[in-house]
Amino acid sequence: MDLHHLVGIDAGGTRTRALAAHENGVFSRCEAGAGNYQLLGLEGVVELFAGLLAQLQLDSDRTTVCAAVAGAGRPAEQERLSAALLARGLAARVCIVADARAALEGAHGGEAGIIAIAGTGSIVMGRGKASQVERAGGWGPLLGDEGSAYSFVMAGLRAAGQSHDGSGPATCLEVDLVNKLGLADWDSLIPALYGGHLQRDRLASACPVVFRAARAGDEVARQIIASGAQRLGAQVGAVARRLCLPTASVTLAGGLGEAEGDWLWAEMQPDGGADGDQPELRRVPARLPPLGGALLLACAHAGIEPPPVDRADCESG
């Protein structure tokens, strides 16, 4: 009997990976370049996926694809991309999700849990026991991104400005951030920041300076980290309550979440436990990367029991 093909795709800002399986397990994988929807546009992503699926040599009539696509977090974008892939005849069924959704599914192996992604930006997303999905944050740099690398650096720059003016406590961030950002002095910050020379990614890359300052005993830096992590923790708690999870498994992900996870986690739960209606949060490592999560979502979309899949299947060349 012919087996149904299942494909998970993780389309990120630097590379796109595809993982193919059937009911008996993973059998093929391939990789291509960046797949961000906002950078490539609809036609660019369709062509990218067409090339990947051609490499996998699948029968499109027996294939279900789930693609986690960076820059396609809104339903309208997901619907347009799904329709374009189906119109091209690349698969029998197509499911497009935000990259955070696949990361959540992979982190908990398709079971209930929460993922807090702290990178340049941040978002919290959770899945309940009845497959309900809730989120908090992810509103971008102007409205949120609590506990993200960008937010820590911007808080550091605000504190540095107050230190420079004498209206706030002294902090080494006044000098350290200016140096890390490659500026000649504090006065050169304003034209660089408002003139567009300091882009969001470059600002976020200075985040290690804030953590180094805190480790060296800078109280201003310590308070910045504590405040941002507590706000991120509040979002995790909010998602857990909406999902009716009195005890929630939480994975910290993203560049900052992985690099400084221990520190962030300690500040996210300052009292060390739960009280009142606060859910109990238990930190767990991710079972699978987002690519594995996309494959699990493809299985769910096809109504097929997931085949055996482990981290090695997702990470092998």
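In what follows, the accompanying structure is described. None of the values given here were measured: they were computed from a predicted structure.

1. Focus on the overall build of the chain
On a plain count of helices and strands, the chain comes out with 13 helices and ten strands. The C-alpha atoms of the chain give 21 Å as radius of gyration, which agrees with the globular expectation for 317 residues (20 Å, within 12%). Once the C-alpha set of the chain is aligned to its principal axes, its extents read approximately 75 × 45 × 35 Å. Going through the 317 residues of the chain one by one, you find that 54% of them count as buried. Look at the contacts in the chain between residues 6 or more apart in sequence, and 65% of them connect residues 24 or more apart. When the accessible surface of the chain is split by element, carbon and sulfur atoms take 50% of a total near 14,300 Å². Here the chain contributes 26 positively and 36 negatively charged side chains, and the mean placements of these two sets differ by 2 Å.

2. Quick notes on the pattern of salt bridges
On inspection of all chains with the given rule, the structure shows eleven salt bridges. For Glu111, the salt bridge identified is with Arg287, shortest N-O distance 2.9 Å. In this pair, Glu111 is assigned in the loop between α3 (99–107) and β6 (113–118) and Arg287 in the loop between β10 (280–283) and α12 (290–302), connecting sequence segments 176 residues apart. Accessibility expressed as a relative area gives 45% for Arg287, which makes it partly exposed. One network of salt bridges, in which partners are shared, links Arg101, Glu105 and Arg127.

3. Quick look at a nonpolar patch on the surface
Residues Trp139, Leu142 and Leu143 make up a contiguous nonpolar surface patch of roughly 460 Å² in combined accessible area. Within the secondary structure, Leu142 sits in the loop between β8 (133–137) and α4 (149–165). Accessibility expressed as a relative area gives 82% for Leu142, which makes it exposed.

4. Looking at the sheet that holds strand β2 (residues 16–22)
Read from one edge to the other, the open sheet built from five strands follows the order β3-β2-β1-β4-β5, with strand pairing classed as mixed. Both outer strands of the open sheet, β3 (25–32) and β5 (93–97), are each paired with one neighbouring strand and no more. Strand-to-strand twist of the sheet, defined as the mean angle between neighbouring strand axes without regard to direction, takes the value 15°. The sheet strands contacting helix α1 (residues 37–56) are β1 (5–11), β2, β3 and β4 (63–69), and the helix crosses β3 at an angle near 135°.

5. Overview of unusual backbone geometry
At Gln57, a position not held by glycine, the phi torsion is positive, near 55°. Secondary-structure assignment places Gln57 in the loop between α1 and β4. With a relative accessible area of 71%, Gln57 lands in the exposed category. For Cys244, which is not glycine, the phi torsion reads 60° and is therefore positive. Within the element layout of this structure, Cys244 appears in the loop between α9 (219–242) and β9 (247–253). Residue Cys244 is classed as exposed on the basis of its relative accessible area of 62%.

6. Thoughts on the sheet that holds β8
Pairing within the open sheet is mixed, and its five strands lie in the order β8-β7-β6-β9-β10. Single-partner strands in this sheet number two, and they are β8 and β10. Each strand of the sheet is rotated relative to its neighbour by a mean of 25°, with strand direction disregarded. The pairing of β6 with strand β7 (residues 122–127) spans six bridges and is classified as antiparallel.

7. Topic: the packing of α4 against α9
When two helices pack together, their arrangement is given by the angle between the helix axes and the distance between those axes. The N-to-C vectors of α4 and α9 enclose an angle of 140°; their axes lie 10 Å apart at closest approach. Relative to α9, α4 is oriented oblique. Where α4 crosses over α9, the two elements pack in a sense that is right-handed. Here Phe152, Ala155, Gly156 and Ala159 of α4 lie close against α9, whose contacting residues are Val220, Ile224, Ile225, Gly228 and Ala229.

Conventions and cut-offs
Residues numbered from 1 in each chain as written. Predicted model: local features only at pLDDT ≥ 70, side-chain atom pairs only at ≥ 80, totals over all residues. Heavy atoms only, no water. Helix = DSSP H or I, 4+ residues; strand = E, 2+ residues; numbered from the N terminus. Rg over C-alpha atoms; globule rule 2.2 N^0.38 Å. Buried < 20%, exposed > 50% of the residue type's maximum accessible area, 1.4 Å probe, protein only. Contact = heavy atoms within 4.5 Å. Areas by Shrake-Rupley, 256 points an atom, 1.4 Å probe, with all protein chains shown as cover. Lys, Arg positive; Asp, Glu negative; His and termini not counted. Charge placed at Lys NZ, Arg CZ, Asp CG, Glu CD. Salt bridge = Lys/Arg side-chain N within 4 Å of Asp/Glu carboxyl O. Patch = residues over 30% accessible without salt bridge, like charges linked within 9 Å, V, L, I, M, F, W, Y side chains within 5 Å. Pairing = 2+ DSSP bridges. Axes fitted to C-alpha atoms, helices over the stretch in contact; angles between N-to-C directions. Parallel < 35°, antiparallel > 145°, perpendicular 65-115°, else oblique. Left-handed = near helix turned anticlockwise from the far one by under 90°.

Purely spatial values, then, with no claim about function.
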